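Reading the structure
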Amino acid sequence: MKTIYFISPFCNLIKCFTSVSILDRAEKKKIVKYEYYNLFDFSDDSNNRIDDYPYGGGDGMVLRANPIFNAFDKIKNNRSKKKFRVIYPTPDGEKLDLNLSKKLALEDNIVFICGHYKGIDQRVRDTIVTDEISIGDYILTGGELPSCIIIDSIVRLIPGVLNTIESAETDSFNDGLLDTDYYTRPDTIRGLKVPEVLVSGNHKEIKKWREERKVEKTKLKRSDLYINYIKNKKK
Ligand code: ADE
């Protein structure tokens, strides 16, 4: 079973996310286990502070190294033989994409360190963090939501988590293209009809239509992907 550990001052935020839908099901099926380490429980400060002013001055606060090191020591305790992938979500990290999620889905022990304010003491990044990951070029107030996004993208790829009906194989990006369009019953609503081919029962034609929609959509919405797709097709 894989274990995903979270070090955060706001573990409840993450619990809300992991306790519903597919992430919750993955835990109930005993495919993954989530463990939460509240940063406030690991402060060595008499006032229980987990942050402090940055050396050299400047705006904002920095999460102190010691509570994070202490929490990580607790995780490693009795698990010394285990290899940990330690992820720090940060806007200056490597951009998350499907390939990175696939690689992370192979790992057995993943630790997330959720930063706040100006981030975490650089010495944590320099010593225990193995992966710095960005979820996009914008700034959120903390690392909890990025951690949730990253684990969501990982857990759904672990064999046994999705039903075949929800299979990840047809997702966007798997073949370098965006996914096709989907419709469900009824076949007409407010005068809007489902494309005829989808109700024709002709599976060959349906497959062809879906492929065409993927290419059209990718060309229209993501020219960067489309250019790569065409290049790879010519090879
Ligand atoms: N923390 C704050 N903003 C972030 C982002 N864009 N990606 C990852 N972690 C973050």
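An account of the accompanying structure is given in this report. (Residues numbered from 1 in each chain as written. Predicted model: local features only at pLDDT ≥ 70, side-chain atom pairs only at ≥ 80, totals over all residues. Heavy atoms only, no water.)

Overview of the overall build of the chain
Formally: Here a helix means four or more residues in a row that DSSP labels H or I, a strand means two or more in a row labelled E, and each is numbered from the N terminus. C-alpha atoms define the radius of gyration, and 2.2 Å times the number of residues to the power 0.38 defines the globule rule. Per-residue accessibility, obtained with a 1.4 Å probe over protein chains only, is compared with the maximum for each type, and a residue is labelled buried under 20%, exposed over 50%, and partly exposed between these values. Should any heavy atoms of two residues lie within 4.5 Å, those residues are considered in contact.
Helix and strand content of the chain: eight helices and nine strands. Relative to a compact globule of 235 residues, whose C-alpha radius of gyration would be 18 Å, the chain shows 22 Å and is clearly more extended. Counting only C-alpha atoms and orienting by the principal axes, one finds that the chain spans roughly 70 × 40 × 40 Å. A burial count over the chain gives 43% of its 235 residues as buried. Sequence-distant contacts in the chain: of pairs separated by 6 or more residues, those separated by 24 or more amount to 74%.

A look at the pattern of salt bridges
This is how it is decided: Just to be clear on terms, a salt bridge is a Lys or Arg side-chain nitrogen sitting within 4 Å of an Asp or Glu carboxyl oxygen.
In this structure the tally under the stated criterion is 22 salt bridges. Note that Asp 51 and Arg 49 form a salt bridge whose closest N and O atoms lie 3.8 Å from each other. Since its relative accessible area comes to 14%, Asp 51 is described here as buried. Under the relative-accessibility criterion, Arg 49 is labelled partly exposed at 32%. Its salt-bridge partner being Arg 156, residue Asp 171 comes within 2.7 Å of it at the nearest N-O pair. Placement of the pair is Asp 171 in the loop between helix H6 (144-155) and strand S8 (188-189) and Arg 156 in the loop between H6 and S8, with a sequence separation of 15 residues. Arg 156 sits in the partly exposed class, given a relative accessible area of 24%. Several salt bridges converge on common partners, so that one network encompasses Lys 83, Arg 85, Glu 107 and Asp 131.

Describing the packing of aromatic side chains
Stated precisely, the cut-off is as follows: Only rings of Phe, Tyr and Trp enter the pairing, Trp through its six-membered ring, and a pair is recorded when the two centres are within 6.5 Å. The plane angle decides the type: under 30 degrees is stacked, over 60 is edge-to-face, the rest tilted.
Evaluation of the coordinates by the stated rule reveals seven aromatic pairs. For the pair Phe 6 and Tyr 36, a centre-to-centre distance of 5.5 Å together with 15° between the ring planes defines the contact as stacked. Of this pair, Phe 6 sits in strand S1 (residues 2-8) while Tyr 36 sits in strand S2 (residues 32-38), and the two are 30 residues apart along the sequence. Owing to a relative accessible area of 0%, Phe 6 belongs among the buried residues under this scheme. A relative accessible area of 24% places Tyr 36 in the partly exposed class. One aromatic cluster is present, formed by Tyr 5, Tyr 37, Phe 42, Phe 72 and Phe 84 through successive ring pairs.

A word on the packing of helix H7 (residues 203-221) against helix H8 (residues 223-234)
Where we set the bar: Orientation is described by lines fitted to C-alpha atoms, with helices fitted over the stretch in contact, and by angles between N-to-C directions that extend from 0 to 180 degrees. An angle counts as roughly parallel when it lies under 35 degrees, as roughly antiparallel when it exceeds 145, as roughly perpendicular when it falls between 65 and 115, and as oblique in every other case. Just so you know the grouping, Ala, Val, Leu, Ile, Met, Phe, Trp, Tyr, Cys and Pro go in nonpolar, Asp, Glu, Lys and Arg go in charged, and all remaining residues, Gly too, go in polar.
With their axes 6 Å apart at the nearest point, H7 and H8 run at an angle of 125° to one another. With respect to H8, the element H7 is oriented oblique. Residue-level inspection shows Val 215, Thr 218, Lys 219 and Lys 221 of H7 in contact with H8, the latter providing Ser 223, Leu 225, Tyr 226 and Tyr 229. Per-class residue counts for the contact of H7 with H8 are four nonpolar, two polar and two charged.

Quick word on the side chain of Lys 217
Formally: Counted as a polar contact is a pair of N or O atoms within 3.5 Å, where, for protein atoms, one must be capable of donating a hydrogen and the other of accepting one, and residues adjacent in sequence contribute only when both atoms are in side chains.
Topologically, Lys 217 is positioned in helix H7. Side-chain polar atoms of Lys 217 contact the backbone oxygen of Asp 179, separated by 3.0 Å. At a separation of 3.0 Å, a polar atom in the side chain of Lys 217 contacts the side chain of Asp 181. If we skip the residues at most four places from it in the chain, Lys 217 touches Leu 178, Asp 179, Thr 180, Asp 181 and Arg 222.

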